[in-house]
Amino acid sequence: MEFNKFDNEYYVLSNDGANNHPLLAWGAVDFSPFLKAKPIDEENFNFPLQLIFDEPYPIKYEMADFHMLATCYTVSQKFKDFLEKEITYGIQFVPIEIKSNTGEIIPNYFVSHFWNRLPAIDKNNYDGSPVNNFGTIRNLSKFSLDFNLLKEIPLEKRLIFGLAENKTLVLVHQSIYEAIQTENLTGMRFWKVSEWDDNAMFR
């Protein structure tokens, strides 16, 4: 596979897999608006939205600044404040509360809805299943970014974006990645696109 400049400028964002960071799941919430590539009308929700700990429960949990939530992400107040300072397009924060398996309520967290999704994979340069009728690549093993598409988009509109072809992957520009490294934020790992594959979490 050939890689281009953007494959080394963008990082795949994921959780760090620490055993003491609880897994999260939706409570009694209609989360379908979070699956759409557009901002959410928060007036349609009854607040507070609730997330719950998912099994297996850690013996002694520690909340991080970043947790994965299916195809979404949950961030702390600290991480939210940082992202709002750095990014002005394509991300929305919806307040939630988290309920532990013992009933403890954990406040000051947000679901980060990355509604800016770009069809940014080079369709002639990736490993995975064919693109289906919905523009999705269900089994993505490795990929390169579409340089010609991204270079036409202003940087401020692609600092962070979700892949339209694979809704579980969010990409972070190098400038944001470097800023995150100075903030002592917890719970996340990064791989350059040129170094990522579907086994990255296990390396």
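The structure displayed is predicted, hence computed values, not measured ones.

The subject of this paragraph is the overall build of the chain. Each helix and strand counted, the chain has four helices and 13 strands in total. For the chain, the C-alpha radius of gyration of 17 Å lies close to 17 Å, the compact-globule estimate for 203 residues. Here the C-alpha coordinates of the chain stretch approximately 50 × 40 × 35 Å along the principal axes. With 203 residues in all, the chain has 47% of them scored as buried. A separation of at least 24 residues holds for 71% of the contacts in the chain among residues at least 6 apart in sequence. As displayed, the chain has an accessible area near 10500 Å², and 48% of this comes from carbon and sulfur atoms.

Take empty space enclosed by the protein next. To find leftover empty space, a probe the size of one water molecule is rolled over the atoms. Counting across every chain of the model gives two cavities of 30 Å³ or more. There is about 80 Å³ of room inside the largest cavity. Where the lining of the largest cavity is concerned, the elements lending two or more residues are β5 (72–76), β7 (105–113), β11 (160–163) and β12 (166–173). With three residues, β12 is the largest single contributor of residues to the lining of the largest cavity.

Glancing now at the pattern of salt bridges. If you walk through the whole model with that rule in mind, you get three salt bridges. Among the salt bridges present, the one from E9 reaches K5, with a minimum N-O distance of 3.7 Å. Remark: K5 and E9 occur in helix α1 (residues 5–9); sequence separation between them is four residues, near one turn of the helix. A salt bridge links K123 to E165; its shortest N-O distance comes to 2.6 Å. Of this pair, K123 sits in strand β9 (residues 121–128) while E165 sits in the loop between β11 and β12, and the two are 42 residues apart along the sequence.

With that settled, consider the sheet that holds β11. Reading across the sheet, the five strands line up as β8-β11-β12-β1-β13 and stay open at both edges, with mixed pairing between neighbours. With one partner strand each, in any of the chains shown, β8 (117–118) and β13 (188–192) form the two edges of the open sheet. Looking at chain direction, β11 and β12 are connected through four bridges and run antiparallel. In the sheet register, F161 faces β12, and the bridge partner there is L171. Along the sheet face, helix α4 (residues 174–181) touches β1 (10–15), β11, β12 and β13 and points at about 75° away from the line of β12.

Let's shift gears to the environment of S141. Structurally, the position occupied by S141 is in strand β10 (residues 140–145). The exposure class assigned to S141 is partly exposed, which follows from its relative accessible area of 27%. Sequence separation of S141 and W196 is 55 residues, and the distance between their C-alpha atoms is 8.6 Å. Ignoring sequence-local partners within four residues, the contact set of S141 consists of D127, G128, W196, D197 and D198.

Think of an α-helix as 3.6 residues a turn; residues three or four steps apart then line up on the same face. Among the residues of helix α2 (residues 77–86), those classed as buried are F79, K80, F82 and L83. Down the axis of α2, the sector holding all buried residues measures 165°, keeping them to one side.

This next bit is on the sheet that holds strand β2 (residues 23–26). The pairing of strands in a sheet comes from backbone hydrogen bonds and takes either a parallel or an antiparallel form. Ordered by their spatial adjacency, six strands build an open sheet running β2-β3-β6-β7-β5-β4, and the pairing between neighbours is mixed. Edge strands, defined here as strands with exactly one partner in the open sheet, are β2 and β4 (66–69). Ignoring strand direction, the axes of neighbouring strands in this sheet form an average angle of 40°. In terms of strand pairing, strand β6 (residues 92–99) meets β7 through seven bridges, oriented antiparallel. Bridge pairing in β7 places F93 opposite S112. The strands that α2 touches are β4, β5, β6 and β7; relative to β5, the one it contacts most, it runs at about 100°.

Following E55, the chain continues into P56 via a peptide bond in cis, with omega recorded as 0°. Of note in the backbone geometry, N108 takes a positive phi value of approximately 65° without being a glycine. Turning to its location among the elements, N108 is positioned in strand β7. The backbone of N184 shows a phi angle near 55°, a positive value even though the residue is not glycine. On the secondary structure map, N184 appears in the loop between α4 and β13.

Each value, and the rule that gives it
- Residues numbered from 1 in each chain as written.
- Predicted model: local features only at pLDDT ≥ 70, side-chain atom pairs only at ≥ 80, totals over all residues.
- Heavy atoms only, no water.
- Helix = DSSP H or I, 4+ residues; strand = E, 2+ residues; numbered from the N terminus.
- Rg over C-alpha atoms; globule rule 2.2 N^0.38 Å.
- Buried < 20%, exposed > 50% of the residue type's maximum accessible area, 1.4 Å probe, protein only.
- Contact = heavy atoms within 4.5 Å.
- Areas by Shrake-Rupley, 256 points an atom, 1.4 Å probe, with all protein chains shown as cover.
- 1 Å grid on protein atoms, 1.4 Å probe; cavity = no way out; pocket = protein on both sides within 12 Å on 5 of 7 lines; lining within 4 Å.
- Points joined across faces, edges and corners; volume = space filled by probe spheres on them.
- Salt bridge = Lys/Arg side-chain N within 4 Å of Asp/Glu carboxyl O.
- Pairing = 2+ DSSP bridges.
- Axes fitted to C-alpha atoms, helices over the stretch in contact; angles between N-to-C directions.
- Arc of directions from axis to C-beta.

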